[in-house]
Amino acid sequence: MCIDVRKTCVCGKHRIQFHLRDNIMSEEVIARLFCPDCSGAVPVDLETMVQDNGWLIEYDLELARFLAAAKLQLAPDAIDPPFLFDSGYATWQELYPGEQQDILAERSAIIDLLKTDSHEYLQRINRWNIDRVARLKAEGWRRAQAT
């Protein structure tokens, strides 16, 4: 069973959905979220935070280490913000915040082709997805780097 975990950034402008791989971590592991608008004035502490294109996620490392030791039998010093984020234990639900809305807008023109030319639709939707992931990698989104 997946738990719906959503966090609002400190300034209140964005509510972002998170993925907690295998429900190993609890939602309290994500202590604070900073969007690009509210992260600018925050001193970055790489001991407790991970950065992703202007976004900052602050983790409760004490809790994360406890849960990882109990559920994964990992040594506490193996748990750090990049591990939590990049391994999917406390990361974006999508490749980046807001991806679902962006995808809907980008795909709408291509989906119209399905009604008139299914072959062209398949070619364009495939090319669009490849180009989209390449663009996200070039923009530096952490989760896109692994795809």
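In this text, all values refer to a predicted model and were calculated from it rather than measured experimentally. (Residues numbered from 1 in each chain as written. Predicted model: local features only at pLDDT ≥ 70, side-chain atom pairs only at ≥ 80, totals over all residues. Heavy atoms only, no water.)

Caption draft 1: A look at the overall build of the chain. Helix and strand counts for the chain come out as six helices and six strands. Starting at the N terminus and walking to the C terminus, you meet the elements of the chain as β-β-β-α-β-β-α-α-β-α-α-α. For the C-alpha atoms alone, the extent of the chain along its principal axes is close to 55 × 35 × 25 Å. The buried share among the 147 residues of the chain stands at 37%. (Helix = DSSP H or I, 4+ residues; strand = E, 2+ residues; numbered from the N terminus. Buried < 20%, exposed > 50% of the residue type's maximum accessible area, 1.4 Å probe, protein only.)

Caption draft 2: How the structure looks around the pairing of strand β4 (residues 49–52). Taken together, the four bridges between β4 and strand β5 (residues 55–59) define a ladder with antiparallel strand orientation. Opposite Met 49, over in β5, you have Glu 58 as the bridge partner. Between the end of β4 and the start of β5, which pair antiparallel, lie two residues, with Asn 53 showing a positive phi angle near 50 degrees. (Pairing = 2+ DSSP bridges.)

Caption draft 3: Inspection of helix α2 (residues 61–72) at higher detail. Along α2, the residues classified as buried are Leu 61, Ala 64, Leu 67 and Ala 68. Burial along α2 is one-sided: seen end-on, the buried residues are contained in an arc of 125 degrees. In α2, the exposed positions that point more than 90 degrees away from the buried face belong to Glu 62 and Phe 66. Of the surrounding secondary structure, the elements contacted by the buried residues of α2 are β5 and α3 (81–86). Between the side-chain oxygen of the N-cap and the backbone nitrogen of Glu 62 there are 3.3 Å, and the N-cap of α2 in question is Asp 60. Where α2 ends, the next residue or the one after it, Gln 73, has phi of about 55 degrees, a positive value. (Arc of directions from axis to C-beta. Contact = heavy atoms within 4.5 Å. Polar contact = N/O pair within 3.5 Å; in protein donor to acceptor, adjacent residues only side chain to side chain.)

Caption draft 4: Spatial organisation of the environment of Phe 34. Within the secondary structure layout, Phe 34 lies in strand β3 (residues 30–34). Sequence-wise, Phe 34 and Asp 22 are 12 residues apart; in three dimensions their C-alpha atoms are separated by 25 Å. Once you skip the residues sitting within four places of it in the chain, Phe 34 turns out to touch Cys 9, Val 10, Ser 39, Val 42, Met 49, Gly 54, Trp 55, Leu 56 and Glu 58.

Caption draft 5: Structural detail: the side chain of Ser 39. Counting through the fold element by element, Ser 39 comes out in helix α1 (residues 36–39). At a separation of 2.7 Å, a polar atom in the side chain of Ser 39 contacts the main-chain carbonyl oxygen of Gly 54. Dropping the residues within four chain positions of it, Ser 39 is found in contact with Phe 34, Gly 54 and Leu 56.

Caption draft 6: The arrangement of the sheet that holds β4 in detail. The sheet built from three strands is open, its strands ordered β3-β5-β4 with antiparallel pairing. The open sheet has two edge strands with one neighbour each: β3 and β4. Ignoring which end each strand starts from, the neighbouring axes of this sheet average 15 degrees apart. (Axes fitted to C-alpha atoms, helices over the stretch in contact; angles between N-to-C directions.)

Caption draft 7: Broad picture of the sheet that holds strand β1 (residues 5–8). Strand order in the open sheet formed by three strands is β1-β2-β6, and the pairing between neighbours is antiparallel. A single partner strand is all that each edge strand has here, and the edge strands are β1 and β6 (91–92).

Caption draft 8: Here's a closer look at the pattern of salt bridges. Applying the stated criterion across every chain yields a total of 10 salt bridges. In this structure, the salt-bridge partner of Asp 112 is Lys 115, at a minimum N-O distance of 3.9 Å. Of this pair, Asp 112 and Lys 115 both sit in helix α4 (residues 99–116), three residues apart, which is roughly one turn of that helix. Glu 139 serves as the salt-bridge partner of Arg 135, at 3.4 Å between the closest nitrogen and oxygen. Here Arg 135 pairs with Glu 139, and both are found in helix α5 (residues 118–139), just four residues apart, close to one helical turn. (Salt bridge = Lys/Arg side-chain N within 4 Å of Asp/Glu carboxyl O.)

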